[in-house]
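Here's the letter readout for the chains.
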Amino acid sequence: MRTILLILLYLLVCIISIPLLLVECIVRKINSKVAAAFAIRVVRIVFNTTMFLSGCKKHICGTERIPTDRPVMFAANHRSFYDIILAYSSIAAHHVQVAFISKIEIKKFPMIAQWMYFLNCLFMDRGDMKQNMGVILNAISLIKEGYSIYIAPEGTRNATDHLLPFKEGSMKIATKTNAPIIPVCIKNTENILENNIPWVRSGDIYIEYGEPVYPEQLDKEEKKHIGAYVQNIIQEMYDKPYPAA
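How each quantity is defined
Residues numbered from 1 in each chain as written. Predicted model: local features only at pLDDT ≥ 70, side-chain atom pairs only at ≥ 80, totals over all residues. Heavy atoms only, no water. Axes fitted to C-alpha atoms, helices over the stretch in contact; angles between N-to-C directions. Helix = DSSP H or I, 4+ residues; strand = E, 2+ residues; numbered from the N terminus. Parallel < 35°, antiparallel > 145°, perpendicular 65-115°, else oblique. Left-handed = near helix turned anticlockwise from the far one by under 90°. Contact = heavy atoms within 4.5 Å. Nonpolar A, V, L, I, M, F, W, Y, C, P; charged D, E, K, R; others polar. Buried < 20%, exposed > 50% of the residue type's maximum accessible area, 1.4 Å probe, protein only. Pairing = 2+ DSSP bridges. Right-handed = clockwise from strand over helix to strand, strands pointing away. Core = buried A, V, L, I, M, F, W, Y, C linked by side-chain atoms within 4.5 Å. Phe/Tyr/Trp six-rings, centres within 6.5 Å; stacked < 30°, edge-to-face > 60°. Lys NZ or Arg CZ within 6 Å of the ring centre and 35° of its normal.

A. Here's a closer look at the packing of helix α2 (residues 32-54) against helix α3 (residues 82-91). Where α2 meets α3, the axes come as close as 9 Å, and the angle between the chain directions of the two elements is 120 degrees. Looking at the two axes, α2 sits oblique to α3. In this structure, α2 meets α3 at a crossing whose hand is left-handed. Where α2 approaches α3, its residues Ile-40, Val-43, Arg-44, Phe-47, Asn-48, Thr-50, Met-51 and Ser-54 are matched on the opposing element by Tyr-82, Ile-84, Ile-85, Leu-86, Tyr-88 and Ser-89. Taken together, the residues of the contact of α2 with α3 break down into 9 nonpolar, 4 polar and 1 charged.

See the structure below:
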């Protein structure tokens, strides 16, 4: 039943999105940040509805640690499609201007790709190193324009309890801009969908925001391997008993 309700929600969102996206096009020509703020509010409503219909019980911890006076880079482990749904619903209330870096395959989904465009999201082709570097450079530009960036430095979904090595190249988004890195630990989201495909199952899902890591405050060796440094922080968060909230 949950799966059917979510399919119906997706179809409804596709229909409603047509006039809303037309409004977004007009607003974006006038003020891109206003358009992005409107888009993230729409997406947040849809994602909260998605979690409600999925039977997700959210446990959110550490949002008070997120600086609100400057753009940041969120670095998270990656468990499930529901990671982004959970992250948007928890970040948007505190950090309006957030652009996600996603795998390029998401562009194939009607309306999802269009809303992500208005959120200034970037799409990474994991098999194209040159394209990846272009995405990193665009993310650096967005940070300088005042947008925060959310990325999963593992580079792919990880079903194990041990984090995959973080891509050091993704850390340039923070090191080239001195943006604080917010470690983000996500747990149990895979139990909603991926472990039950094609069915959606209810359950508890967890997200915790760690203390900011300031690249300029790290010593030379820590900064050289900052991906591993942040990965270790998130691994420690992941290994803690939950719920964290």
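From this point on, the discussion continues.
B. Focus on the pairing of strand β3 (residues 98-103). β3 sits mainly inside the fold: 5 of its 6 residues count as buried. Here β3 pairs with strand β5 (residues 148-151) via 3 bridges, running parallel. In the sheet register, Val-98 faces β5, and the bridge partner there is Ser-148. Here β3 pairs with strand β4 (residues 122-124) via 3 bridges, running parallel. Within the sheet, the bridge partner assigned to Lys-103 lies in β4 and is Met-124. Each parallel crossover has a hand, and for β3 linked through helix α4 (residues 112-118) to β4 it is right-handed.

C. View of the sheet that holds β5. The strand order across the open sheet built from 7 strands is β1-β7-β6-β2-β5-β3-β4, with neighbouring strands paired in mixed fashion. Looking along the sheet, the strands with just one partner apiece sit at the ends: β1 (56-61) and β4. Across this sheet, the average inter-strand angle for adjacent strands is 20 degrees, counted without regard to direction. Sitting on the sheet, α3 is in contact with β1, β2 (73-76), β3, β5, β6 (181-187) and β7 (203-209), with an inclination near 60 degrees to β7. Where helix α8 (residues 226-239) meets the sheet, it contacts β2, β6 and β7, and its direction lies at approximately 40 degrees from that of β6.

D. Looking closely at α3. Across the 10 residues of α3, 9 count as buried, placing the element largely inside the fold. When α3 is considered as a whole, its buried residues turn out to be Tyr-82, Asp-83, Ile-85, Leu-86, Ala-87, Tyr-88, Ser-89, Ser-90 and Ile-91.

E. Examining the side chain of Ser-102 more closely. The residue Ser-102 is located in strand β3 in this model. Residue Ser-102 is classed as buried on the basis of its relative accessible area of 7%. Not counting residues within four places of it along the chain, the set of residues in contact with Ser-102 comprises Met-116, Leu-122, Phe-123 and Met-124.

F. A look at the nonpolar core. Counting 43 residues, the largest nonpolar core has Phe-74, Tyr-82, Tyr-88, Tyr-150, Val-184 and Tyr-209 as its most contacted members. Every element with two or more residues in this core is listed here: α1 (2-30), α2, β2, α3, β3, α4, β6 and β7. Considering each element in turn, this core owes the most residues, 7 residues, to α2. When sequence neighbours within four positions are dropped, the list of residues in contact with Val-184 reads Phe-74, Ala-75, Ala-76, Asn-77, Tyr-150, Ile-207, Glu-208, Tyr-209 and Ile-234. Ranked by size, the runner-up nonpolar core spans 33 residues in total, among them Ala-75, Ala-99, Met-171 and Cys-185.

G. Structural detail: unusual backbone geometry. At the junction of Ile-197 and Pro-198, the peptide bond is cis and its omega measures out at 5 degrees in the coordinates. Position of Pro-198 relative to the elements: it lies in the loop between β6 and β7. Even without being a glycine, Met-111 presents a positive backbone phi close to 75 degrees. By the secondary structure assignment, Met-111 is in the loop between β3 and α4. In the Ramachandran plot, Asn-188 falls in the positive-phi region, its phi being about 80 degrees despite a non-glycine side chain. Tracing the backbone through its elements, the reader meets Asn-188 in the loop between β6 and β7.

H. Highlighting the packing of aromatic side chains. For the structure shown, the criterion picks out 7 aromatic pairs. Judged by centre distance (6.2 Å) and plane angle (85 degrees), the rings of Phe-81 and Tyr-82 are edge-to-face. Take Tyr-82: its relative accessible area is 2%, and that puts it in the buried class. Put simply, the rings of Phe-47, Phe-74, Tyr-88, Phe-100, Tyr-150 and Tyr-209 touch in pairs and so form one group of aromatic residues. The aromatic ring of Tyr-117 is capped on one face by Arg-28, whose charged end is 4.5 Å from the ring centroid.

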